Amino acid sequence: MIFAENDRYAGKILHLEAGHSLSLQYHERKDETFYVLRGEVRLSVEVDGRMKELRLAEGESYRIRPGMRHRMRAEAPCDLIEVSSPELDDVVRLQDDYGREGTTAP
């Protein structure tokens, strides 16, 4: 759910059910920060060219910069707040479990 959007930023609330995940993806322009509002999420993120697994608990946050490959999975239901630059359609999907399509032009 998008709760705020203008030419400088966008705010979303994301809900992930247990066992669900976002695509393995990156953004060409979008810069985003996630804050775990409820639950816990497993974040796979590219650090120094290698994928690293992190656990983000309630109250923790993480910044994803443009070009950084990342994916989130929920082992239990969780809610996250995402605040990002306004390029909401800037998603380059590398792998997806649900058949979602999509890459965007730079």
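Cut-offs and rules
Residues numbered from 1 in each chain as written. Predicted model: local features only at pLDDT ≥ 70, side-chain atom pairs only at ≥ 80, totals over all residues. Heavy atoms only, no water. Helix = DSSP H or I, 4+ residues; strand = E, 2+ residues; numbered from the N terminus. Buried < 20%, exposed > 50% of the residue type's maximum accessible area, 1.4 Å probe, protein only. Contact = heavy atoms within 4.5 Å. Core = buried A, V, L, I, M, F, W, Y, C linked by side-chain atoms within 4.5 Å.

Colleague: I'm lost on the environment of Met 1 in this one. Help?
Modeller: Mapping Met 1 onto the fold places it in the segment before strand E1 (2-5). Classification of Met 1 by relative accessible area gives exposed; the value is 64%. Remark: the alpha-carbon pair of Met 1 and Lys 12, spanning 11 residues in sequence, is separated by 5.4 Å. With near-sequence residues (within four places) excluded, Met 1 lies in contact with Gly 11, Lys 12 and Ile 13.

Colleague: Even after reading the chapter, I still don't get the nonpolar core, so can you show me in this structure?
Modeller: Judged by nonpolar contacts, the single largest core of 16 residues is most densely connected at Leu 16, Val 41, Met 72 and Leu 80. Elements that contribute at least two residues to this core include exactly strand E2 (10-16), strand E4 (32-38), strand E5 (40-47), strand E6 (50-57), strand E8 (70-74) and strand E9 (78-84). The element best represented in this core is E5, accounting for three residues. Residues within four places of Met 72 in sequence aside, it is in contact with Leu 14, Leu 16, His 20, Ser 21, Leu 22, Phe 34, Val 41, Arg 42, Leu 43 and Leu 80.

From the geometry alone we can't say anything about function, so treat these as descriptive.
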